Amino acid sequence: MDTRTDSRPSTGYLTDVAYIPGFYPNLAPVALRFVAALNRVAPPPGDRFRYLELGCGLGRSLTTLAAARPHAEFVGVDINPEHTAIASREIEAAGLGNARVITAGFGDLPADLGTFEYVALHGVFSWVAPEVREQILDVARRHLAPGGLLVVSYNSMPGWAHLQPIRGILRQYAALRTGDSLQRIRDALAYLVFIRDRQAKYFVDNPNASAYVDALLKQDVRYLAHEYLNEHWTSFYFAEVAGMFAGAGLTFAGSLPVHTNFWDLCVRPEFQELFRTTTDRLVTEAHKDFCANTAFRWDLYAKAPRLLAGLDERLAVADDIHVRLTRPGLALPYQANLGVVTSTLQGPVYEALVARLSAGSLPLSAILADPRPAGASRDDIARAIDAGVATGLFDLSANAVPAVSPAVPDRVTLPSRFNRAVLASDALGGRPVALSSEVTGTGHSIGDLDAAILLELVEGGPDGLAERVDGRLASSGRSLLREGKPIGDAAERLRLVGESCATFRSASLPQLVQLGIAAGA
Ligand SMILES: C[S@@+](CC[C@H](N)C(=O)[O-])C[C@H]1O[C@@H](n2cnc3c(N)ncnc32)[C@H](O)[C@@H]1O
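Residues numbered from 1 in each chain as written. Predicted model: local features only at pLDDT ≥ 70, side-chain atom pairs only at ≥ 80, totals over all residues. Heavy atoms only, no water.

### Considerations on the overall build of the protein chain
Piece 1. A tally of regular secondary structure across the protein chain gives 21 helices and 18 strands.
Piece 2. With the principal axes as the frame, the protein chain shows a C-alpha extent of 70 × 60 × 50 Å.
Piece 3. Looking at the protein chain as a whole, 53% of its 521 residues qualify as buried.
Piece 4. Taking contacts inside the protein chain between residues at least 6 apart in sequence as the whole, the part at least 24 apart equals 75%.
Piece 5. Taking the average location of the 49 positive side-chain charges in the protein chain and that of its 56 negative ones, the two points are 1 Å from each other. (Helix = DSSP H or I, 4+ residues; strand = E, 2+ residues; numbered from the N terminus. Buried < 20%, exposed > 50% of the residue type's maximum accessible area, 1.4 Å probe, protein only. Contact = heavy atoms within 4.5 Å. Lys, Arg positive; Asp, Glu negative; His and termini not counted. Charge placed at Lys NZ, Arg CZ, Asp CG, Glu CD.)

What follows is the structure in structure tokens.
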């Protein structure tokens, strides 16, 4: 039976295939507050805020954040009842009293919904009909509190320009096929590979599009159905989106991830003049997208923002954010590949900062206090911290994080009911597993094999750990890969699982203990 008409409600968004769960750290309030403050916009204060996610899907970002911020209230909205039913079950299983989901279209929200300090929408804006985008803007007008922040992600130009026909091919071919959206996207992908491998001229003329097909083949087909088969699909220029949100009374307040706020970390040095001579941030963003060929953006907008005059005002409103070393033992010079640019951090200021933060996280004011690292000026130290966060040398936390303890517990527990539920459902699920930290106020992802190791460690302790994880692996159907190929030999697989268990216990487990995700039993 052709279910095409059933799969698309009046909004044009497909509903016959459920989406996949995913946690996106760019949606975390601690990240949004930092980016706002970095861009001289006062973020909402404190930890007793309200947070609304539009198009929350299966709700995994919402629940991970709700578990990490117990004093805040989280509300998710989605039109697909299958999605909200899954999210509700997970909320219940985790005992999250501060999260709920509503099954509704954006134009049909409850009258008493109230206002929120944060509104978030990821994977929604580019994929909905123009009238649904208008509804989203209306939600921003009515439900974002003054001084509140809204984060929106979307497919952007010019990065999508040479790939746009891929979406066209997939959708047109899928429309000719029968079955549900999963079947039709599978058929369309097979067709795409067929014409690519036989060197259709589009692929010959666009080698990047040809390589992109290989990236598509590695994706979950449920994701591909949602990405490509919706009736509406648009990639925007930054200025178009900024214009739409300006119409809803919102001002651009920066972008995520953090490095995208620094043009010199996004474009090659030969473009420097273009940026030095431009003071208008909206123009800078447009330059940046062309110089970096940006295909996806995460923008932050603020309603009635209070602008911060300088470092002291920033400290006055955002000094509850802690800065920590991303991993213990990070050595200088530290190099980060940020796509177009590779950035290297080194020198006495960074040496002093790494030494100081090795003893545990600190708020910016404490880092700037006398004696200042390497005797540098306060502004230079603040800039070094911002660059360290942008490049991943440092990370952010909503609360103080202790130093990593070298003592690795033999037996561990998981204090959070949410994390216990996530591990039980997602270990060996084939995608990263995000665990929630009340310490940092956000989620932290581990591999799905590490998730199984942690689960076995919690349930059965360290004795025979590798054998138990290997048994779980064998019965799950998930294969262990080496150089992209499944390992068939059982003894070899057990040896590799044993290595993974040892690495997990010596390297990852101490960090999970540091973040309060795991604890000694
Ligand atoms: C690609 S998914 C993204 C889900 C989630 N934000 C994530 O990143 O995992 C887009 C979601 O928006 C929801 N959606 C689409 N149109 C909607 C509308 N008009 N009102 C409410 N939700 C809608 C879909 O049901 C879907 O769950």
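### Topic: unusual backbone geometry
Piece 1. Cis geometry is found at the peptide bond from methionine 157 to proline 158, where omega equals 5°.
Piece 2. Here proline 158 lies in the loop between β5 (144-155) and α6 (164-176).
Piece 3. Cis geometry is found at the peptide bond from leucine 256 to proline 257, where omega equals -5°.
Piece 4. Within the secondary structure layout, proline 257 lies in the loop between β6 (250-256) and α12 (272-276).
Piece 5. Positive phi, normally seen in glycine, also occurs at asparagine 293, with a value near 55°.

### Overview of the packing of α6 against helix α7 (residues 181-197)
Piece 1. Close contact between α6 and α7 brings their axes to 8 Å; oriented N to C, the two are set at 125°. By the criterion of interaxial angle, the relationship of α6 to α7 is oblique. As α6 packs across α7, the resulting crossing turns out to be right-handed. Between α6 and α7, the contacting residues are Ile166, Ile169, Leu170, Tyr173, Ala174 and Ala175 on the first element and Arg184, Ile185, Asp187, Ala188, Leu189, Tyr191, Leu192 and Ile195 on the second.
Piece 2. Tallied by class, the residues present in the contact of α6 with α7 amount to 12 nonpolar, no polar and 2 charged. (Axes fitted to C-alpha atoms, helices over the stretch in contact; angles between N-to-C directions. Parallel < 35°, antiparallel > 145°, perpendicular 65-115°, else oblique. Left-handed = near helix turned anticlockwise from the far one by under 90°. Nonpolar A, V, L, I, M, F, W, Y, C, P; charged D, E, K, R; others polar.)

### Comments concerning the layout of surface pockets
Piece 1. The volume enclosed by the second largest pocket comes to roughly 820 Å³.
Piece 2. Lining the second largest pocket we find 31 residues, and of these Arg324, Thr326, Asp395, Gly443 and His444 sit closest to its centre.
Piece 3. The set of elements that each furnish at least two residues to the lining of the second largest pocket consists of α2 (29-38), α17 (378-391), β12 (394-397), β15 (442-446) and α21 (490-514).
Piece 4. Ranked by residues supplied to the lining of the second largest pocket, first place goes to β15 with 5 residues.
Piece 5. Split by residue class, the lining of the second largest pocket holds 16 nonpolar, 11 polar and 4 charged. (1 Å grid on protein atoms, 1.4 Å probe; cavity = no way out; pocket = protein on both sides within 12 Å on 5 of 7 lines; lining within 4 Å. Points joined across faces, edges and corners; volume = space filled by probe spheres on them.)

### Considerations on the site of the ligand
Piece 1. Taken together, 20 residues are adjacent to the ligand, and Gly55, Asp78, Ile79, His83 and His122 come closest.
Piece 2. At 2.8 Å from a nitrogen atom of the ligand is found a main-chain nitrogen or oxygen belonging to histidine 122.
Piece 3. For the ligand, the protein covers 98% of the area, taking 590 Å² as the surface of the free molecule.
Piece 4. Split into classes, the residues belonging to the shell around the ligand amount to 10 nonpolar, 8 polar and 2 charged. (Near = heavy atom within 4 Å. Polar contact = N/O pair within 3.5 Å; in protein donor to acceptor, adjacent residues only side chain to side chain. Areas by Shrake-Rupley, 256 points an atom, 1.4 Å probe, with all protein chains shown as cover.)

### Topic: the pairing of β15
Piece 1. Extensive coverage of β15 is indicated by the burial of 4 of its 5 residues.
Piece 2. In the sheet, strand β14 (residues 433-437) pairs with β15 via 5 bridges, with the strands oriented antiparallel. Paired with serine 436 across the two strands is glycine 443, which belongs to β15.
Piece 3. In textbook terms, the turn of a hairpin is the stretch between consecutive antiparallel strands, and for β14 and β15 this stretch comprises 4 residues, one of which, glycine 441, has a positive phi near 80°. (Pairing = 2+ DSSP bridges.)

### Section: the nonpolar core
Piece 1. Core analysis: the largest hydrophobic core is formed by 106 residues, its most contacted members being Tyr51, Phe74, Tyr350, Ile385, Leu393, Phe394 and Leu454.
Piece 2. Apart from residues lying up to four places away in sequence, tyrosine 350 is in contact with Leu332, Leu345, Ala384, Ala387, Gly388, Leu393 and Phe394.
Piece 3. By size, the runner-up hydrophobic cluster in this structure holds 64 residues, among which are Phe106, Leu121, Val193 and Phe203. (Core = buried A, V, L, I, M, F, W, Y, C linked by side-chain atoms within 4.5 Å.)

### A short note on the packing of helix α3 (residues 60-68) against helix α18 (residues 417-426)
The angle between the axes and the distance between the axes are what describe a pair of packed helices.
Piece 1. Where α3 meets α18, the axes come as close as 10 Å, and the angle between the chain directions of the two elements is 145°. On α18, the residues that touch Arg60, Thr63, Thr64 and Ala67 of α3 are Phe418, Val422, Ser425 and Asp426.
Piece 2. A breakdown of the residues in the contact of α3 with α18 according to their chemical character gives 3 nonpolar, 3 polar and 2 charged.

### Some words on the packing of aromatic side chains
Piece 1. If you walk through the whole model with that rule in mind, you get 19 aromatic pairs.
Piece 2. The interplanar angle of 65° and the centroid separation of 5.7 Å between the aromatic rings of phenylalanine 252 and tyrosine 301 together place this pair among those described as edge-to-face. Taken together, the residues span a long stretch of sequence, with phenylalanine 252 in strand β6 and tyrosine 301 in strand β7 (residues 296-303) at a distance of 49 residues.
Piece 3. Residue classification places tyrosine 301 among the buried residues on the basis of a relative accessible area of 0%. (Phe/Tyr/Trp six-rings, centres within 6.5 Å; stacked < 30°, edge-to-face > 60°.)

### Description of the pairing of strand β2 (residues 73-78)
Consecutive side chains of a regular strand alternate in pointing toward one face of the sheet and then the other.
Piece 1. The buried count for β2 comes to 5 of 6 residues, which makes it a mostly enclosed element.
Piece 2. Between the parallel elements strand β1 (residues 50-54) and β2, the chain passes through α3 in a crossover that is right-handed.
Piece 3. With 5 bridges connecting them, β2 and strand β3 (residues 99-103) associate as parallel partners. Paired with valine 75 across the two strands is arginine 100, which belongs to β3.
Piece 4. Considered for its hand, the β-α-β crossover made up of β2, helix α4 (residues 81-94) and β3 is right-handed. (Right-handed = clockwise from strand over helix to strand, strands pointing away.)

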